[in-house]
Amino acid sequence: TDLAKIRNFSIVAHIDHGKSTLADRLIQETGTVETREMKEQLLDSMDIERERGITIKANTVRIDYLADDGEQYVLNLIDTPGHVDFAYEVSRSMRAVEGSLLVVDSSQGVEAQTLANVYHAIEANHEIVPVLNKIDLPASDCDRVAEQIEDVIGIDATGAIQVSAKTGQGIHETLEAIVKELPAPEGNRDAPLKAMLVDSWYDAYLGVIVLVRVIDGVLRKGDRIKMMQNGSVHPVDRIGVFKPEMTMIDELGPGEIGFLTASIKQVRDTRVGDTITHEKKGCAEPLPGFKPAQPVVFCGLFPVDNAEFEDLRDSIEKLALNDASFSYEMETSAALGFGFRCGFLGLLHLEVIRDRIEREYNIELITTAPSVIYHVHMRDGTMLELHNPADMPDLTHVDHIEEPRIKATILVPDEYLGDVLKLCQDRRGIQLDLTYAGSRAMVVYDLPLNEVVFDFYDRLKSVTKGYASFDYQLTGYREDFLVKMTVLVNEDPVDALSTMVHRDRAEQRGRALVEKLKELIPRHMFKIPIQAAIGGRVVARETLSAMRKDVTAKCYGGDVSRKKKLLEKQKAGKKKMRQFGKVEIPQQAFINALKMD
Ligand code: GDP
Ligand code: MG
C-alpha cells in the first residue's frame, strides 16, 4: 500500500468511556464486517475480558475506508489494554502507530486513566484527535469536557468531534478526522527490514501469532527473520492482516501492520517491543527502548486438593505459554504443600490468571497474600530479591530493607477529597501535589507499592462511592523500617499468612489480622489461640473459643436423612478447607484476612 494512504492509530480512553463500542462502530460503518455478523464488542475476545469489560491483550483491525476525497485508505487500529497493570504494553503498542483518538465520556469528563493513557500517546509523539462520546446522554456536557481536556491535558479541544458510539452519530466525522488529521506513516521500502513486535499470542490452530508493525523494508512469506533480542531465526510461513477475521496476504511493506506465523514454539520466545529483521542483510540497529515487562506482584497458588497439583502445573504451563509477563516457579509450603510462586504485572493480572485456572481448568485454588519484591541488603554487602516473605533471611544477617514505591494519581470530586487524603495517609503516602480541574481534585501521592497492591483500589472506590479514578507508575526503591509478621494458629506458624509490614504499623496490622482470622476460622472442639508475631515477639493475640455442641445434635437423631444432609454439607464445606496441624482453615481466609478496613 502507498504510504500516503495509510493511517495507523489507537484509541485511548478511561475504562467504560466507550473505546470498544467506538471501535465496533468504525468497523461497522466501513462495512468491514457485515452488520449481521457483528458481535457486540468484536475486539474484546476473551470471556473474562468481556465479563469484566476490560481489554487485556492488544488487538488490531484493518479497515478499508473510501474517504470523502474519493481516495481509498487503509486504517489500522491497534486496540490497547485499558488497565494500569498493562502500562508497558500500552506504551509499546503506542509506538507502533502515529496517532490516537482520545475518547472522553462527555457525561463524565477526564479520568485518571484518560490522563495516564494520553500521556503514553503524547510520549509516543502522537497526533491526537479528541472525541467526546456519549452525546446521546442527557448528562452530556461537551463544552465543559472540552474545556477540561484543554485545562488538564493541555491539548486543543476546539475541534473535538461529538460522537455517540451508541447511535452512530459523529462516526463519519471521526473517520474523516482520522484521514485528515492524523499523519501518514514514514518508512523506506528499500532499506533493510525493521519491524516492531507489537504483541503475540497463542492460537490453537496456527500456533504463535506475532503482530508486527513494519517500519522499513518489506516482510514476505518465506523470509527468514531474526528476533534481534535473542538472535533466534525463524522461517515465515504466513503473513496476514485482521479484517478483523484473519486474511492471508503475501507481504507487509513500510507503515503496515499485520501478523506473521513462523513455527515459533511458545509466546515466551517472542518479546513485546523486540525488533524483527531479516537473517541476512538485516538492519544494524534495533528500535530503541526495549525492556521486557517485569512482574511486580507475587503470590502463591496452591490447589485446595493436593491431588490436583499436577493439573495445576499443567494449567499454569499452558497459560504461561501465552503470557510472557507471567512468571512461576514451584513452591513448597509447610502448611499448604506443593504449589507455585507466581509473578504478575499487577493485581488485576493476578485475578485474571487465577480466574482462568479455576474456571477453564476447574481447579480450586488457595491464593496466598500478594507480596511485592523487597530488596533485602545483607550485612555481607549482597542483595536478595525477596519475592516471598516466608523466605525472609535471619535478621542478624540483614542490614536494611528497601521497598518499591509508586507515584499514584487520583482524580476525585471535591466532597470525597478528605477521605482520599486520609486513605493515602493511612497507607504511608507522601503527598506530592494537589490541584483542581473544575470541581474535581487531582492528588498525586508517593506510596509504597505494598500498601496499594492488596485492596487500595477497592477501598478507594468504596470511600468515594466509585467516583474516584486511579492510576500509578513505579518510581523506584526506598529504604524503610520493614519487618516480617508471622501468624500462628494454635501455636503453629502458617507461612502462607506471613507478610512484610512497616514496624510502626505492625501492632495495628497484627491486631486487625488476628481479629479477622477469629471470624474466618470456624470453631473447633477445642480453643484455638491466634497470634501475630514479629521475630519471637507476639504483637497481637485472640482466642477462638471451643464449640459447645455437636452440630448434628439439634437433629435429635430422629430425622436420619436430615442428619445425613447436614453431614454431607459439612463435607462439601470441608473441601474448601485446609488442615493446619489440628486446625482447619477455610480457603477464603487467606485472602480475606489481609483485607484492611
Ligand atoms: P470501554 O471500556 O472504553 O471499552 O467502554 P465500552 O465500549 O465497553 O462502553 C462502556 C459502556 O458504555 C457500555 O455499556 C456501552 O454500551 C456504553 N456506551 C458506549 N458508547 C456509548 C454512547 O455513545 N452512548 C451511550 N449512551 N452509551 C455508550
Ligand atoms: Mg473495552
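Residues numbered from 1 in each chain as written. Chains lettered and ligands numbered in written order. Predicted model: local features only at pLDDT ≥ 70, side-chain atom pairs only at ≥ 80, totals over all residues. Heavy atoms only, no water.

Let's shift gears to the site of ligand 1. Surveying the vicinity of ligand 1 reveals 17 residues, the closest of which are Asp16, Lys19, Ser20, Thr21 and Asp136. A distance of 3.3 Å is found between an oxygen atom of ligand 1 and a side-chain nitrogen or oxygen belonging to Ser164. In the complex, 77% of the free accessible area of ligand 1, which totals 580 Å², lies under the protein chains. For the shell around ligand 1, the leading source of residues is helix H1 (residues 19-29), giving three residues. A per-class count over the shell around ligand 1 returns three nonpolar, nine polar and five charged. (Near = heavy atom within 4 Å. Polar contact = N/O pair within 3.5 Å; in protein donor to acceptor, adjacent residues only side chain to side chain. Areas by Shrake-Rupley, 256 points an atom, 1.4 Å probe, with all protein chains shown as cover. Helix = DSSP H or I, 4+ residues; strand = E, 2+ residues; numbered from the N terminus. Nonpolar A, V, L, I, M, F, W, Y, C, P; charged D, E, K, R; others polar.)

This part is about the packing of aromatic side chains. Overall, the coordinates contain eleven aromatic pairs when judged by the stated rule. On the numbers, 4.9 Å between centres and 40 degrees between planes, the contact of Phe242 with Phe259 is tilted. Of the two residues, Phe242 is situated in strand S12 (residues 238-242) and Phe259 in strand S15 (residues 257-261); the sequence distance between them amounts to 17 residues. Classification of Phe259 as buried rests on a relative accessible area of 0%. Relative to Phe338, the ring of Phe309 lies with its centre 5.8 Å away and its plane at 50 degrees, an arrangement referred to as tilted. Of the two residues, Phe309 sits in helix H7 (residues 309-321) while Phe338 sits in strand S19 (residues 337-344), which places them 29 residues apart along the sequence. (Phe/Tyr/Trp six-rings, centres within 6.5 Å; stacked < 30°, edge-to-face > 60°. Buried < 20%, exposed > 50% of the residue type's maximum accessible area, 1.4 Å probe, protein only.)

Before going further, it helps to examine unusual backbone geometry. Of note in the backbone geometry, Asn362 takes a positive phi value of approximately 60 degrees without being a glycine. If you check the backbone angles, Asn490 has positive phi at about 55 degrees while not being a glycine. Within the fold, Asn490 resides in the loop between strand S27 (482-489) and strand S28 (492-493).

Below, the discussion takes up the pairing of strand S2 (residues 59-66). Regular strands show a simple pattern: their side chains alternate between the two faces of the sheet. In terms of residue burial, S2 counts as a mostly covered element, since six of its eight residues are buried. Here S2 runs beside strand S3 (residues 72-79); their pairing, made up of eight bridges, is antiparallel. Its bridge partner being in S3, Tyr65 is matched across the sheet by Tyr73. From the end of S2 to the start of S3, which pair antiparallel, there are five residues, and Gly70 there has a positive phi angle of about 85 degrees. (Pairing = 2+ DSSP bridges.)

Mapped onto this structure's residue numbering, the UniProt feature "binding site: GTP" (unreviewed entry) falls at Asp16, His17, Gly18, Lys19, Ser20, Thr21, Asn133, Lys134, Ile135 and Asp136. On the secondary structure map, Asp16 appears in the loop between strand S1 (6-13) and H1. Every residue in contact with Asp16, bar those within four places of it in the chain, is listed here: Asp105 and Lys134. Relative to the assigned elements, His17 resides in the loop between S1 and H1. With a relative accessible area of 4%, His17 lands in the buried category. (UniProt positions renumbered as here; feature names shortened; annotations may be inferred. Contact = heavy atoms within 4.5 Å.)

It is worth spelling out the sheet that holds S1 at this point. Here six strands make up an open sheet; going across it, the order is S2-S3-S1-S4-S5-S6 and the pairing mixed. The outermost strands of the open sheet, each flanked by one partner alone, are S2 and strand S6 (161-162). For strand S5 (residues 127-133) and S6, the ladder comprises two bridges, and the chain directions are parallel. Residue pairing in the sheet places Val131 in a bridge with Ile161 of S6. Where H1 meets the sheet, it contacts S1, S2, S3 and strand S4 (99-105), and its direction lies at approximately 150 degrees from that of S1. (Axes fitted to C-alpha atoms, helices over the stretch in contact; angles between N-to-C directions.)

Another aspect to go through is the sheet that holds strand S8 (residues 207-216). The strands making up a sheet associate through backbone hydrogen bonding, with each pair oriented either parallel or antiparallel. What the eight strands build is an open sheet, ordered S11-S10-S16-S7-S8-S15-S12-S13; its pairing is antiparallel. Either end of the sheet is taken by a strand with one partner, and the two such strands are strand S11 (233-235) and strand S13 (246-249). Ignoring which end each strand starts from, the neighbouring axes of this sheet average 40 degrees apart. As paired strands, S12 and S15 are joined by three bridges and run antiparallel to one another. Counted as the bridge partner of Arg238 is Thr261 from S15.

Another aspect to go through is the pattern of salt bridges. A side chain with one charge may pair with a side chain of the opposite charge, provided their charged atoms come close. In total, this model carries 28 salt bridges according to the counting rule given. With a closest N to O distance of 3.3 Å, Glu310 and Arg313 form a salt bridge. Taken together, the residues span about one helical turn, with Glu310 and Arg313 both in helix H7 at a distance of three residues. When its relative accessible area of 49% is taken as the criterion, Glu310 is described as partly exposed. Looking at Arg313, the relative accessible area reads 26%, which means it is partly exposed. For the salt bridge of Lys518 with Glu542, the shortest nitrogen-to-oxygen distance reads 3.4 Å. Taken as a pair, Lys518 in helix H11 (residues 506-520) and Glu542 in strand S31 (residues 537-544) lie far apart in primary sequence, 24 residues in all. Note on Lys518: relative accessible area 33%, which makes it partly exposed. Several salt bridges converge on common partners, so that one network encompasses Glu403, Arg405, Arg428, Asp446, Glu451, Arg478, Asp480 and Arg509. (Salt bridge = Lys/Arg side-chain N within 4 Å of Asp/Glu carboxyl O.)

Among the secondary structure elements, Phe86 is positioned in the loop between S3 and helix H3 (87-94). The class for Phe86 is buried, based on a relative accessible area of 3%. As a C-alpha pair, Phe86 and Gly346 span 260 residues in sequence and 8.1 Å in three-dimensional space.

Right, let's talk about the confidence of the model for the protein chain for a bit. Chain-level statistics for the protein chain give a pLDDT mean of 86 and a share of 88% at 70 or above. S6 holds the highest mean pLDDT among the elements of the protein chain, 98, whereas helix H2 (residues 47-52) holds the lowest, 46. Per-residue pLDDT stays below 50 along residues 44-58; that stretch engages in 44 contacts with residues further than four places along the chain or on separate chains. Taken together, the chains of this predicted complex give a pTM of 0.72 and an interface ipTM of 0.99. (pLDDT = per-residue confidence, 0-100.)

On to the nonpolar core. In terms of nonpolar packing, the biggest core is built from 50 residues, with Ile357, Ile410 and Phe456 touching the most fellow members. For this core, the element with the highest residue contribution is strand S23 (residues 398-413), accounting for six residues. Every residue in contact with Ile357, bar those within four places of it in the chain, is listed here: Leu301, Leu312, Ser315, Ile316, Leu319, Asn362, Ile363 and Leu365. Val304, Leu336, Ala506 and Leu513 belong to the second largest nonpolar core, which has 31 residues in total. (Core = buried A, V, L, I, M, F, W, Y, C linked by side-chain atoms within 4.5 Å.)

Take the environment of Cys424 next. Structurally, Cys424 can be placed in helix H9 (residues 417-426). Cys424 sits in the buried class, given a relative accessible area of 0%. Taking C-alpha positions, Cys424 is 9.2 Å from Leu460, a pair spaced 36 residues apart along the chain. In contact with Cys424, other than residues within four places in its own chain, are Ile410, Gly429, Tyr445, Leu447 and Phe456.

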